[in-house]
Amino acid sequence: MSDILRELLRVSEKAANIARACRQQEALFQLLIEEKKEGEKNKKFAVDFKTLADVLVQEVIKQNMENKFPGLEKNIFGEESNEFTNDLGEKITLRLCPTEEETVDLLSKVLNGNTLASEALAKVVHQDVALTDPTLDSLELTIPQDILGIWVDPIDSTYQYIKGSADIKPNQGIFPSGLQCVTILIGVYDIQTGAPLMGVINQPFVSQDLNTLRWTGQCYWGLSYRGTNIYSLPPPTSKRNGSEPRSQLTGNTSSEAEFSHQFSAVISTSEKETIKAALSRVCGDRIFRAAGAGYKSLCVVQGLVDVYIFSEDTTFKWDSCAAHAILRAMGGGMVDLKECLARNPETGLALPQLLYHVENVGASGVDRWANKGGLIAYRSSKQLETFLSLLIQNLPPADTHR
């Protein structure tokens, strides 16, 4: 079982190498953009892109896992279609070939005979990568392989990846946009219950060498299964970039004023005005905007904010599964916002965690796997209950019963 997580770490780094290689050759990168077909478009964006890098990353993850764990490939699902159409109108199914030479030939068809670009990509695709974590190496845990499903988002925040901004300044450690918001997300879930079990978030673009202009990244992981909870991050420090320590909430909820502005949240730039208005009363000026569902979730994992809240239905299972598994290992989780707002906490019912094994009835295309009720990602259940109580008090009645 820990062998699977170790392999996911390794393939995530291989995927990060591909993302970096494509991004670092501007002329090459311009060749790699193909607009998504209608059924695959995320309706949040007027223009959404599928890149060759996206598809290459997904196929590398799928085929490496298939080679190491035969049978697992039938339960690996991703955002991207691996079909391309070149300038000659030929439909080509992209896959990782057994040899570098064969991959060059296939990529050359996709890239309309651009041999130099095809060779450069094939080289990084077939390059071996080592990535280990001593904490994980000491873990021995058995989970039946046949209950595992995997959601892959090969390059989350594709728009930021294509735009390629490298000079965005962070706000208290949080990047509003730029390459730092790009993540590779691999989430493992139980196909019987839908519960998230393992997650890997690889952030390929964390810091750039100003001399070579080359980027290095960072990888985060977590595992939660039958009482075993383990993750890569140490507990968060109490100070963020010299700011005051975060307030530690207690069980006393006697007054709204006592708790106002003790929470911090990260949100999408497209968040609804009613949610933003309520958040401003709960969080004060501790509301941060950032690109990418994967990156916003990572901000919660890193302890940069208390919650990531999103009220729309334009995130998907591949966006949330990886971070959900890591947060679950840390004692947090990811819940359905709409259900939380309609829930009466006095009933004692459990928080409505997102599940990953059932598609939305009556939906088509990517919407089959949308998080229809929106989401909240959090690190502490106790904090979440207090946060929800304050949020509901500050929302118009119509928004609490959508």
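Numbering of residues starts from 1 in every chain and runs along the sequence as written. Where totals are concerned, whole chains, interfaces and linings use all residues; where local detail is concerned, this predicted model gives features only for residues with pLDDT of at least 70, and gives and counts side-chain atom pairs only at 80 or more. In computing side-chain values, all of the structure's heavy atoms are included and hydrogens and water are not.

## Focus: the sheet that holds strand S6 (residues 148–156)
Pairing between sheet strands relies on hydrogen bonds along the backbone, with the strands arranged either parallel or antiparallel. This is how it is decided: One requirement defines pairing of two strands: DSSP has to find at least two bridges between them. A run of DSSP states H or I qualifies as a helix once it reaches four residues; a run of E qualifies as a strand once it reaches two. Both are numbered from the N-terminal end. The angle between two axes is taken between their N-to-C directions and runs from 0 to 180 degrees, where each axis is a line fitted to C-alpha atoms and a helix contributes only its stretch in contact. Throughout, a contact is declared for two residues whenever any of their heavy atoms are within 4.5 Å.
Across the sheet, 6 strands lie side by side as S3-S6-S7-S8-S9-S10; this open sheet has mixed pairing. Because the sheet does not close on itself, it has two edges, and the strands there are strand S3 (76–78) and strand S10 (228–231). Within the sheet, the average angular offset between the axes of one strand and its neighbour, ignoring direction, is 15°. Contacts from helix H3 (residues 52–68) reach S3, S6 and strand S7 (183–190) within the one sheet, and its direction differs from that of S6 by about 155°. With respect to the sheet, helix H11 (residues 317–329) is in contact with S3, S6, S7, strand S8 (196–208), strand S9 (215–225) and S10, its orientation differing from that of S8 by roughly 105°.

## Concerning helix H10 (residues 293–301)
Note the cut-off: Partly exposed describes any residue whose relative accessible area lies between the buried limit of under 20% and the exposed limit of over 50%, with all areas from a 1.4 Å probe on protein chains only and scaled to the type maximum.
Of all 9 residues that make up H10, 9 are buried, and the element is covered over most of its length. When we look at burial in H10, the residues that qualify are Ala-293, Gly-294, Tyr-295, Lys-296, Ser-297, Leu-298, Cys-299, Val-300 and Val-301. Immediately beyond the C-terminal end of H10, within one or two residues, lies Gly-303, with a positive phi of roughly 80°.

## Quick notes on empty space enclosed by the protein
Rules: Cavity and pocket criteria rest on a 1 Å grid covering protein atoms alone: a 1.4 Å probe that fits but cannot get out defines a cavity, protein on both sides within 12 Å along at least 5 of 7 lines defines an open pocket, and an atom within 4 Å of a point defines a lining residue. Grid points are joined across faces, edges and corners, and a volume is the space filled by probe spheres set on the points. Note on residue categories: nonpolar means Ala, Val, Leu, Ile, Met, Phe, Trp, Tyr, Cys or Pro, charged means Asp, Glu, Lys or Arg, and polar means any other residue, Gly included.
What the rule picks out here adds up to 1 cavity of 30 Å³ or more. The computed volume of the largest cavity comes to approximately 40 Å³. Residue lining of the largest cavity: Phe-263, Asp-306, Val-307, Tyr-378, Arg-379, Ser-380, Gln-383, Leu-384 and Phe-387, and that is the complete set. Considering only residue class, the lining of the largest cavity consists of 5 nonpolar, 2 polar and 2 charged.

## What to know about the sheet that holds strand S11 (residues 265–267)
Taken in spatial order, the 5 strands make up an open sheet running S12-S11-S13-S15-S14, and their pairing is mixed. Each end of this open sheet is capped by a strand with a single partner; those strands are strand S12 (287–289) and strand S14 (333–335). On average, each strand axis in the sheet is inclined to that of its neighbour by 20°, with strand direction left out of account. Alignment of S11 against S12, held across 3 bridges, turns out to be parallel. Residue pairing in the sheet places Ala-265 in a bridge with Ile-287 of S12. Across the sheet, H11 lies against S14 and strand S15 (375–378), angled at about 130° from S14, the strand it touches most.

## As for the side chain of Ser-108
In this structure, Ser-108 sits in helix H4 (residues 100–110). Every residue in contact with Ser-108, bar those within four places of it in the chain, is listed here: Gly-113, Asn-114, Thr-115 and Ser-118.

## What to know about the packing of helix H1 (residues 2–24) against H3
Threshold: Oblique is the label for any angle not under 35 degrees, not over 145, and not in the 65 to 115 range, which are roughly parallel, roughly antiparallel and roughly perpendicular in turn. Two helices crossing with the near one rotated counterclockwise from the far one by less than a right angle form a left-handed crossing, whereas a clockwise rotation gives a right-handed crossing.
Between H1 and H3, whose axes approach to 9 Å, the crossing angle comes to 155°. Regarding the angle of H1 to H3, the classification is roughly antiparallel. Once H1 is placed against H3, the crossing between them reads as right-handed. Contact residues: Ile-4, Glu-7, Leu-8, Arg-10, Val-11, Lys-14, Ala-15, Ile-18 and Cys-22 in H1; Ala-53, Leu-56, Val-57, Val-60, Ile-61, Asn-64, Met-65 and Lys-68 in H3. Counted by class, the contact of H1 with H3 contains 12 nonpolar, 1 polar and 4 charged residues.

## Thoughts on the pattern of salt bridges
When the charged atoms of two side chains with opposite charge come close together, those side chains can pair. In plain terms, the rule: Throughout this description, the term salt bridge denotes a Lys or Arg side-chain nitrogen within 4 Å of a carboxyl oxygen of Asp or Glu.
Taken as a whole, this structure holds 8 salt bridges when the rule is applied. Between Arg-6 and Asp-3 there is a salt bridge, with its nearest N and O atoms 2.6 Å apart. Taken together, the residues Arg-6 and Asp-3, both in helix H1 and 3 residues apart, mark about one turn of the helix. For Lys-68, the salt bridge identified is with Glu-7, shortest N-O distance 3.1 Å. One end of the pair, Lys-68, is in helix H3; the other, Glu-7, is in helix H1, with 61 residues separating them in the sequence.

## Observations concerning the pairing of strand S13 (residues 307–310)
Both faces of S13 are covered, namely the face carrying Val-307 and Ile-309 and the face carrying Tyr-308 and Phe-310. Bridge analysis of S11 against S13 gives 2 bridges, and the strand direction is parallel. The partner of Val-266 across the bridge, within S13, is Tyr-308. Relative to S15, S13 runs antiparallel, the two sharing 4 bridges.

## Some thoughts on a negative patch on the surface
This is how the line gets drawn: By definition, no residue in a patch forms a salt bridge, and every one has over 30% relative accessible area; like charges are joined within 9 Å, nonpolar side chains (Val, Leu, Ile, Met, Phe, Trp, Tyr) within 5 Å. For the accessible areas, the method is Shrake-Rupley and the probe is 1.4 Å, while residue cover comes only from the protein chains on display. Here the positive residues are Lys and Arg and the negative ones are Asp and Glu; neither His nor the chain ends is included. In plain terms, the charge of a residue is placed at NZ if it is Lys, CZ if Arg, CG if Asp and CD if Glu.
A grouping of Glu-100, Glu-101, Glu-102, Asp-105 and Glu-119 is seen on the molecular surface, where their side chains present a negatively charged patch. Sort the elements by how many residues they give to the negative patch and H4 lands first, with 4 residues. Tracing the backbone through its elements, the reader meets Glu-101 in helix H4. The class of Glu-101 is exposed, set by a relative accessible area of 56%.

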